[in-house]
Amino acid sequence: MLKACLVGAAVTLALIAVPVLHFITGLPSAFIGGYLAGSRAEATPGRALMIGGFMAVLLVAPVAGVLFLMSLFWGFGTTAIAVGTSAFAVWIALLGTLGALLGGASVRKQNTAE
């Protein structure tokens, strides 16, 4: 499951980091990463929740780092960094969990059909 979480977090980060493309893939990136992680781990609902949470934990430091760098240019304070990081962590956890639920369900459904 750890490898699946790492894959999901890497996909999410890659979809956000690519210039120009991130305008399209930035919002659903956690869902896409969660879907890939859930399908790789054949996630049950409990495991999907752990995958989404672990993806959020893995991506807290990069998100906080980016918000910190943005604060150097635009001058917003540490409260804004903490709130922004928390909001992104919740967003990643929710969409990552939803994606993992759907990915795991699709793999399980495919396995039972065979």
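Keep in mind the model is a prediction, meaning the values are calculated, not measured.

### Considerations on a nonpolar patch on the surface
Link 1 in the chain: A surface patch of nonpolar side chains, amounting to about 820 Å² of accessible area, comprises Val 66, Phe 68, Leu 69, Met 70, Leu 72, Phe 73 and Trp 74.
Link 2 in the chain: Looking at the secondary structure, you find Leu 69 in helix α4 (residues 45–74).
Link 3 in the chain: Overall, Leu 69 belongs to the partly exposed group, its relative accessible area being 48%.

### As for unusual backbone geometry
Link 1 in the chain: With a phi angle near 50°, Glu 42 is a residue other than glycine that sits in the positive phi range.
Link 2 in the chain: Mapping Glu 42 onto the fold places it in the loop between α3 (29–41) and α4.

### Things to note about α4
Link 1 in the chain: Over its 30 residues, α4 runs 41 Å from end to end, which matches the ideal 44 Å to within 8%, given 1.5 Å per residue.
Link 2 in the chain: At Leu 59, α4 is deflected by roughly 40°, the largest bend along its length, and proline Pro 62 occurs up to four residues later in sequence.
Link 3 in the chain: The inward-facing, buried residues of α4 contact α1 (2–17), α3 and α5 (78–113).
Link 4 in the chain: One or two positions beyond α4, positive phi appears at Gly 75, with a value near 75°.

### Things to note about the packing of α1 against α3
Link 1 in the chain: It is the contact of α1 with α3, at a shortest axis distance of 8 Å, that shows an interaxial angle of 155°. Taken as axis vectors, α1 and α3 run roughly antiparallel relative to one another. At the point where α1 passes α3, the crossing takes the right-handed sense. On α3, the residues touching Lys 3, Ala 4, Cys 5, Val 7, Gly 8, Val 11, Thr 12, Leu 15 and Ile 16 of α1 are Ser 29, Ala 30, Ile 32, Gly 33, Leu 36, Ala 37, Arg 40 and Ala 41.
Link 2 in the chain: Taken together, the residues of the contact of α1 with α3 break down into eleven nonpolar, four polar and two charged.

### Points about the nonpolar core
Link 1 in the chain: Core analysis: the largest hydrophobic core is formed by 18 residues, its most contacted members being Ile 51 and Ile 92.
Link 2 in the chain: Secondary-structure elements contributing two or more residues to this core are α1, α3, α4 and α5.
Link 3 in the chain: When residues in this core are grouped by element, the largest group, seven residues, is from α4.
Link 4 in the chain: Contacts of Ile 92, omitting those with residues within four sequence positions, involve Ala 30, Gly 52, Met 55, Ala 56, Leu 59, Val 63 and Thr 97.

### Details of the environment of Cys 5
Link 1 in the chain: Tracing the backbone through its elements, the reader meets Cys 5 in helix α1.
Link 2 in the chain: Not counting residues up to four positions away in its chain, the partners in contact with Cys 5 are Ala 37, Ile 51, Phe 54, Met 55 and Leu 58.

Parameters at a glance
Residues numbered from 1 in each chain as written. Predicted model: local features only at pLDDT ≥ 70, side-chain atom pairs only at ≥ 80, totals over all residues. Heavy atoms only, no water. Patch = residues over 30% accessible without salt bridge, like charges linked within 9 Å, V, L, I, M, F, W, Y side chains within 5 Å. Areas by Shrake-Rupley, 256 points an atom, 1.4 Å probe, with all protein chains shown as cover. Salt bridge = Lys/Arg side-chain N within 4 Å of Asp/Glu carboxyl O. Helix = DSSP H or I, 4+ residues; strand = E, 2+ residues; numbered from the N terminus. Buried < 20%, exposed > 50% of the residue type's maximum accessible area, 1.4 Å probe, protein only. Expected span 1.5 Å × (residues − 1). Bend = angle between axes of the 7 residues up to and from the residue. Contact = heavy atoms within 4.5 Å. Axes fitted to C-alpha atoms, helices over the stretch in contact; angles between N-to-C directions. Parallel < 35°, antiparallel > 145°, perpendicular 65-115°, else oblique. Left-handed = near helix turned anticlockwise from the far one by under 90°. Nonpolar A, V, L, I, M, F, W, Y, C, P; charged D, E, K, R; others polar. Core = buried A, V, L, I, M, F, W, Y, C linked by side-chain atoms within 4.5 Å.

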